[in-house]
Every structure is written in structure tokens, then in C-alpha cells.
Amino acid sequence: MLRRKARRAQGDEHGDPLDADQERRVRAVLALGGVPQADLLDGVQQVRLRLLERAASGQEAPRDVSAWAAVVASHLAMDWHRAKRRQERLGERLASLRQPDHASGSGEDSRLLSVAVARGLDELPDAQRQILVLRFYADLPVRGIAEELGIPEGTVKSRLHTAVRALRARLHEDEVV
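This one's a predicted model, so the numbers in the text were calculated from it and none came from an experiment.

### Digging into the overall build of the chain
(1) Moving on: Across its full length, the chain holds eight helices and zero strands.
(2) Moving on: Sequence-ordered secondary structure for the chain, helices as α and strands as β, is α-α-α-α-α-α-α-α.
(3) Moving on: Counting across all 177 residues of the chain, residues that qualify as buried make up 27%.
(4) Moving on: In the chain, the share of contacts with a sequence separation of at least 24, taken over all contacts with a separation of at least 6, comes to 57%.

### Focus on the packing of helix α7 (residues 142-149) against helix α8 (residues 153-173)
(1) Moving on: At a closest axis distance of 8 Å, the pairing of α7 and α8 adopts a crossing angle of 110°. The angle between the axes of α7 and α8 places the two elements in the roughly perpendicular class. The handedness of the crossing between α7 and α8 is right-handed. In contact with Val-142, Arg-143, Ile-145 and Ala-146 of α7, α8 contributes Glu-153, Val-156 and Lys-157.
(2) Moving on: Residues that form the contact of α7 with α8 fall into these classes: four nonpolar, no polar and three charged.

### With respect to the packing of aromatic side chains
(1) Moving on: One pass over the full model with this rule turns up zero aromatic pairs.
(2) Moving on: The ring of Phe-136 carries Arg-135 above its face, with NZ or CZ at 5.7 Å from the centroid.

### So, the nonpolar core
(1) Moving on: Ranked by internal contacts, the top residues of the largest apolar core, which has 16 residues, are Leu-121, Leu-132, Ile-145, Val-156 and Leu-167.
(2) Moving on: When residues of this core are traced back to their parent elements, those giving at least two are α5 (106-123), α6 (126-137), α7 and α8.
(3) Moving on: Here the element with the most residues in this core is α8; it accounts for five residues.
(4) Moving on: Not counting residues within four places of it along the chain, the set of residues in contact with Val-156 comprises Ile-131, Val-142, Ile-145, Ala-146 and Ile-151.
(5) Moving on: Residues Val-26, Val-65, Ala-69 and Ala-77 belong to the second largest nonpolar core, which totals 15 residues.

### Some remarks on a nonpolar patch on the surface
(1) Moving on: A grouping of Val-133, Phe-136 and Tyr-137 is seen on the molecular surface, where their side chains present a nonpolar patch of about 260 Å² in accessible area.
(2) Moving on: As for its placement among the helices and strands, Tyr-137 is situated in helix α6.
(3) Moving on: Look at Tyr-137 and you get partly exposed, because its relative accessible area is 40%.

### Side note on the pattern of salt bridges
(1) Moving on: Per the counting criterion, the structure on display carries nine salt bridges.
(2) Moving on: Residue Arg-82 pairs with Asp-79 through a salt bridge whose shortest N-O separation is 3.1 Å. Here Arg-82 pairs with Asp-79, and both are found in helix α4 (residues 65-98), just three residues apart, close to one helical turn.
(3) Moving on: Residue classification places Arg-82 among the partly exposed residues on the basis of a relative accessible area of 48%.
(4) Moving on: Classification of Asp-79 by relative accessible area gives partly exposed; the value is 34%.
(5) Moving on: A salt bridge links Glu-88 to Arg-85; the shortest N-O distance between them is 3.3 Å.

The rules we used
Residue numbers run consecutively from 1 along every chain, following the written order of its sequence. The predicted nature of this model means local features are confined to residues of pLDDT at least 70 and side-chain atom pairs, given and counted, to a pLDDT of 80 or more, with totals for whole chains, interfaces and linings taken over all residues. Values shown for side chains rest on all heavy atoms present in the structure; no hydrogens or waters enter the calculation. Runs of H or I in DSSP of at least four residues are treated as helices and runs of E of at least two as strands, each being numbered from the N terminus. Per-residue accessibility, obtained with a 1.4 Å probe over protein chains only, is compared with the maximum for each type, and a residue is labelled buried under 20%, exposed over 50%, and partly exposed between these values. The contact criterion used throughout is that any non-hydrogen atoms of two residues lie within 4.5 Å. Angular values range over 0 to 180 degrees, each being the angle between N-to-C directions of two axes fitted as lines to C-alpha atoms, with helices fitted over their stretch in contact. Each angle is binned into one of four classes, with values under 35 degrees roughly parallel, values over 145 roughly antiparallel, values of 65 to 115 roughly perpendicular, and all other values oblique. Crossings are classed by handedness, with left-handed meaning an anticlockwise turn of the near helix from the far one by less than a right angle and right-handed meaning a clockwise turn. Gly is placed with the polar residues, together with every amino acid not listed as nonpolar (Ala, Val, Leu, Ile, Met, Phe, Trp, Tyr, Cys and Pro) or charged (Asp, Glu, Lys and Arg). Two aromatic rings, drawn from Phe, Tyr or Trp (for Trp, its six-membered ring), form a pair once their centres lie within 6.5 Å of each other, and the interplanar angle then sorts them: stacked below 30 degrees, edge-to-face above 60, tilted otherwise. Definition used: whenever NZ (Lys) or CZ (Arg) falls within 6 Å of the ring centre and also within 35 degrees of the ring normal, the charge is taken to sit over that ring. Residues belong to one nonpolar core when they are buried, are Ala, Val, Leu, Ile, Met, Phe, Trp, Tyr or Cys, and are joined through side-chain atoms within 4.5 Å. Residues with no salt bridge and a relative accessible area higher than 30% make up the patches, which join like charges within 9 Å and nonpolar side chains (Val, Leu, Ile, Met, Phe, Trp, Tyr) within 5 Å. Surface accessibility in these figures is a Shrake-Rupley result with a 1.4 Å probe; residues are shielded only by whichever protein chains are displayed. A side-chain nitrogen of Lys or Arg and a carboxyl oxygen of Asp or Glu constitute a salt bridge if their distance falls within 4 Å.

Laid out in C-alpha cells, this is it:
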């Protein structure tokens, strides 16, 4: 009896860290969190992966795997909404860049600025260019960039500051700004 409880706390006997009831609960939390049906399986897999990563890193298994999995699922649902909103904002930005500017002469100014920014980006070191693109084109926050690149937030801030300063100097040099 005690062994069954221990096995249930760590998943089923086939090595799956989530049993069927826990998986249903994770799906329900994700669905209630607004994640579309098509993405529910990915969410369940993410919860499994995090549980396996936790075990692989030597951390103690959660006392209540079901509750832990539900909390992780709710965080995943929030992340899904943030990513969706970030994609929408990026789409809006790209759409606004594609629309012709009908104001007198400002369309040409906008094109010149775009070309100058592109040239300035090309001249930046790869690490700085990558940070600028992730921050201003992909609209990722500093913490998201740090996580994505696997570097400290302070490094992201430093590179971002240096890159913006270098790009601004380049645009002033070319008398674009």
C-alpha cells in the first residue's frame, strides 16, 4: 500500500511522471486558462518535462505532484497568453511598417531612416545586434532575452545600452536623426 502511494506521488509504474488523473487536471487548468485545445497536449508535455528536469537536477519530488502540476500549468497558460500578445504586437508593428505613409515627404524620410537603421544594425557586433532585435523587433523583455540566450540580465542590459548608444551615434553621424 505504501509503495503504491509512493509510486502515485512520482507518476505511474511505466515511468510517466504524471498519472492519468494528474494529466486530466493539467489539461483542465490549461483549458480554463484559455489555452486552445490544439495546444493542450504541448502544455501537458511541458509539465512532464519540468517534472523530469526537476528530478534530473536532484531536486526532491513535490509533496503533491497534482497540485504542483496544476500551478505549473497555470503558469504555462499565462506564458501562452503573453506570447500570443507579443506576437500580436509584433504583427501590428510589421503591418504598420508595410503601410505606405501618405504624409507629404515623410514616407521617403521613413524609408531613409529604415535603411540607415538596417545599415547601423549590420555594423554592430553579433551579440549587440541580437539583443536589439530581440528587444525591439521581437518585443521581448530583458528577462525573456536573458532566459532565451542563457545569459545574466545584467549582461543583456549592458549590451542593450551599448548597442543603442552605438546605433544612435551611427544615425547622428549619417545625419539621419
